[in-house]
Amino acid sequence: RKEVEQDPGPFNVPEGATVAFNCTYSNSASQSFFWYRQDCRKEPKLLMSVYSSGNEDGRFTAQLNRASQYISLLIRDSKLSDSATYLCVVTPRIQGAQKLVFGQGTRLTINP
Amino acid sequence: DGGITQSPKYLFRKEGQNVTLSCEQNLNHDAMYWYRQDPGQGLRLIYYSQIVNDFQKGDIAEGYSVSREKKESFPLTVTSAQKNPTAFYLCASTTIGRDRGNEQFFGPGTRLTVL
């Protein structure tokens, strides 16, 4: 079993739709969680951290379920510019240098 | 502007040659990382370093070597022992903090192609 698993997609949705991604992780000791966005042939960039209480940033909402060991990302009112690959990332500890573990990414295409 | 730079952006190498990828950061970050990304896959950790003159192997270190002689520099050498070196190589850095999950900032990457 992979340490971090995502549905690779691709997801093709119309502009304005709501889309949700899930990600599961196997290491129950994981402490920090992130969603990164990666555009085609570019480097990953942090989209948002994921906190235990859940957090929202504009059209994006991230949630964490520690009991079931999954993380979700919800994108509302999707825009063409949201087309990218979304990477789920977990790390086993907060202190010290982190070894981030990446999922394989979920590819999203927003259609006009 | 603070950031991470990688060079070159594209690199072509003949089989059997060693090649060194550059990574420099002026963010005063303590930790630096090298990842490899293959098409349709996530990032896999090659090596990381928390402090100058110290580094640790990641999940796929075989065929690679690194050095950390300066805080701002973490070059990666892809040796001829690496069986399938064609990939997208990403360097990242982060601070080492106590109470938060620290964001890793990535450089723009180097695409290595072995001919």
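Note that this is a predicted model, so its numbers are computed, not measured. Residue numbers here run from 1 along each chain, matching the order of that chain's written sequence. Here every chain gets a letter starting at A, and every ligand a number starting at 1, in the order they are written. Local features in this predicted model are restricted to residues whose pLDDT is 70 or higher, and side-chain atom pairs enter the listing and the counts only when it is 80 or higher, whereas totals over whole chains, interfaces and linings include all residues. Side-chain descriptors were evaluated using all non-hydrogen atoms of the structure, hydrogens and water having been removed beforehand.

A. Fine view of the pattern of salt bridges. All names here are of chain A. The rule for a salt bridge is simple: a side-chain nitrogen of Lys or Arg has to be within 4 Å of a carboxyl oxygen of Asp or Glu. Overall, the coordinates contain 7 salt bridges over all chains when judged by the stated rule. For Asp82, the salt bridge identified is with Arg59, shortest N-O distance 2.8 Å. Remark: Arg59 occurs in the loop between β6 (55–57) and β7 (60–65) and Asp82 occurs in the loop between β8 (70–75) and β9 (84–91); sequence separation between them is 23 residues. A relative accessible area of 2% places Asp82 in the buried class. Close ionic contact of Lys79 with Asp77 constitutes a salt bridge, the shortest N to O distance being 2.9 Å. Helix and strand assignments come from DSSP, with helices taken as H or I runs of at least 4 residues and strands as E runs of at least 2, each series counted from the N terminus. Remark: exposure states derive from per-residue accessible area (1.4 Å probe, protein chains only) relative to the maximum for the residue type, with buried under 20%, exposed over 50%, and partly exposed in between.

B. Structural view of the sheet that holds strand β8 (residues 76–78) of chain B. All names here are of chain B. Here the rule is simple: two strands pair whenever DSSP picks up at least two bridges between them. With antiparallel pairing, 4 strands are arranged side by side in an open sheet as β1-β3-β8-β7. Edge positions in the sheet fall to β1 (4–7) and β7 (64–66), since each of these pairs with one other strand and no more. Neighbour-to-neighbour, the strand axes of this sheet turn through a mean angle of 20 degrees, independent of strand direction. Pairing geometry for β7 and β8, over 3 bridges, is antiparallel. Among the inter-strand pairings, Tyr64 is bridged to a residue of β8, identified as Val78. Simply put, an axis is a line fit to the C-alpha atoms, just over the touching stretch for a helix, and the angle between two N-to-C directions goes from 0 to 180 degrees.

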